[in-house]
Amino acid sequence: MHRRGFTLIEIMIVIGIIVILMAVLVVAFSGAFSKSEQAEATATIQTLKTNIDSYSSRWGTAPPGNMQDLAALMMPNQVLAAPNKENEGIETLILALRSRKENGPYLDVPLFADDKRRTNLDMDMVVESALAPQALDIEVGTSRDLFEFVDPWGNPLVYVNIVELRNGRLDQNVTLGNGTQVRITAQEAQDALRHPTTGAYPSDYALWSFGPDGINQYGRGDDITSWPKYEDEE
Ligand SMILES: [Ca+2]
Ligand SMILES: [Ca+2]
């Protein structure tokens, strides 16, 4: 009798251990899953950083973050588009990197071909003449879509040219995967993108994902950034 009671306790302990093990496995698995998404977002940003650096060394400036400055720099006296101010930073970046001018295109081919990453959430277009050789010179027969890149959570990456930001030339809406919009203004970004102690901006551009929570934290919290995260240095 004594032995049987002891066995019952043992069984309960074993069941308890199994439950705990399963819980640990579930947590570890979901953790690994979200980690692989984060790694994917980081990889996309790293690829674009390489493309931006190649472009910058050739053009002497980081790619513009708005359509007006892109036209002024790369296709003077040409009409590009009537921008709708949605996702404009990342759209302008992609368009600049797609150009064949000055030994381009600079955009990573597999990344651009990846239709999980490349999308056009706000369904806007450039005018056809903007793709012409005397304008941006983008491959013939190619799409006129103003593409953006999205992170693994379906939200567009955000690109800001820091010179434009310093000059107060930033005002755009980010259209999220669920259709809602987040406004990004120069006033807000000028404060939020500075290093908390040195006051310095992240290099001459900033590129970031809102992270798993889909909330813009200007590179803080779970956001994934093209620059070393400020929290890591504090
Ligand atoms: Ca678009
Ligand atoms: Ca976030």
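In the block above lies the structure referred to throughout.
Everything numeric in this text was worked out from a predicted model, so none of it was measured.

Asks: Whenever I open this one, the overall build of the protein confuses me. Can you help?
Replies: In terms of regular secondary structure, the protein is built from seven helices and seven strands. Taking 2.2 N^0.38 as the reference for a compact globule, 234 residues should give roughly 17 Å; the C-alpha atoms of the protein span a radius of gyration of 23 Å, well beyond that estimate. Taken along the three principal axes of its C-alpha coordinates, the protein extends 95 × 45 × 30 Å. Within the protein, buried positions represent 34% of all 234 residues. In the protein, of all internal contacts separated by at least 6 residues, the share reaching a separation of at least 24 is 64%.

Asks: Just checking my understanding: could you explain the pairing of strand β5 (residues 181–185) for this structure?
Replies: Looking along a regular strand, one sees the side chains alternate between the two faces of the sheet. In terms of burial, β5 is a largely surface element, zero of the five residues being buried. As judged from the five bridges shared by strand β4 (residues 171–175) and β5, these two strands associate in the antiparallel manner. Bridge pairing links threonine 175 to glutamine 181 in β5. Hairpin connection between β4 and β5: a loop of five residues separates the two successive antiparallel strands, and glycine 179 in this loop has a positive phi of roughly 90 degrees.

Asks: Is there a simple way to explain the environment of aspartate 232 in this structure?
Replies: Position of aspartate 232 among the secondary structure elements: in helix α7 (residues 230–233). With 6 C-beta atoms counted inside 10 Å, the residue aspartate 232 sits in the exposed group. Separated by 12 residues in the primary sequence, aspartate 232 and arginine 220 place their C-alpha atoms 10.0 Å from one another.

Asks: Explain the sheet that holds strand β3 (residues 158–161) to me, please; I cannot follow it from the model alone.
Replies: Within a sheet, neighbouring strands are paired by backbone hydrogen bonds and run either parallel or antiparallel to one another. Read from one edge of the open sheet, three strands run β3-β6-β7, paired in antiparallel fashion. At either end of the open sheet lies a strand with only one pairing partner, and these are β3 and β7 (224–225). Pairing analysis gives four bridges linking β3 to strand β6 (residues 205–209), with the strands arranged antiparallel. Directly across from tyrosine 159, in β6, lies its bridge partner leucine 207.

Asks: Can you help me understand the packing of helix α2 (residues 67–74) against helix α3 (residues 88–98) in this one?
Replies: Describing two packed helices takes the angle between their axes plus the distance from one axis to the other. It is the contact of α2 with α3, at a shortest axis distance of 9 Å, that shows an interaxial angle of 20 degrees. When the axis of α2 is compared with that of α3, the two are roughly parallel. By crossing handedness, the relation of α2 to α3 is classed as right-handed. Contacts between α2 and α3 involve Met67, Leu70 and Met74 from the first element and Glu88, Thr92, Leu95 and Ala96 from the second. A per-class count over the contact of α2 with α3 returns five nonpolar, one polar and one charged.

Asks: Is there a simple way to think about α3 in this case?
Replies: Because an α-helix completes one turn every 3.6 residues, residues spaced three or four positions apart along the sequence face the same direction. Of all the 11 residues making up α3, 11 are buried; the element is thus mostly covered by neighbouring parts of the structure. For α3, every residue scored as buried is listed here: Glu88, Gly89, Ile90, Glu91, Thr92, Leu93, Ile94, Leu95, Ala96, Leu97 and Arg98.

Asks: Just checking my understanding: could you explain the nonpolar core for this structure?
Replies: Nonpolar side chains tend to gather and get buried jointly when the protein is soluble and globular. Counting residues in hydrophobic clusters, the biggest one holds 45 residues, and the most contacted among them are Ile94, Tyr159, Val160 and Tyr205. Breaking this core down by element, the ones donating at least two residues are α1 (2–59), α2, α3, β3, α5 (162–166) and β6. Sort the elements by how many residues they give to this core and α3 lands first, with six residues. Among all residues touching tyrosine 205, those that are not within four sequence positions of it are Ile52, Ala62, Tyr159, Val160, Asn161 and Ile162.

Asks: Whenever I open this one, α2 confuses me. Can you help?
Replies: Along α2, the residues classified as buried are Met67, Leu70, Ala71 and Met74. Axial view of α2: buried residues confined to an arc of 95 degrees, hence all on one face. Buried residues along α2 sit against α3.

Asks: Explanation requested: the environment of leucine 48 in the structure shown.
Replies: Structurally, leucine 48 can be placed in helix α1. Given 25 C-beta atoms within a 10 Å radius, leucine 48 is considered buried. Along the primary structure leucine 48 and glycine 177 are separated by 129 residues, whereas in three dimensions their C-alpha atoms are 21 Å apart.

Scoring rules and cut-offs
Residues numbered from 1 in each chain as written. Chains lettered and ligands numbered in written order. Predicted model: local features only at pLDDT ≥ 70, side-chain atom pairs only at ≥ 80, totals over all residues. Helix = DSSP H or I, 4+ residues; strand = E, 2+ residues; numbered from the N terminus. Rg over C-alpha atoms; globule rule 2.2 N^0.38 Å. Buried ≥ 20, exposed ≤ 12 C-beta atoms within 10 Å, placed from the backbone. Contact = placed C-beta atoms within 7 Å. Pairing = 2+ DSSP bridges. Axes fitted to C-alpha atoms, helices over the stretch in contact; angles between N-to-C directions. Parallel < 35°, antiparallel > 145°, perpendicular 65-115°, else oblique. Left-handed = near helix turned anticlockwise from the far one by under 90°. Nonpolar A, V, L, I, M, F, W, Y, C, P; charged D, E, K, R; others polar. Core = buried A, V, L, I, M, F, W, Y, C linked by C-beta atoms within 7 Å. Arc of directions from axis to C-beta.

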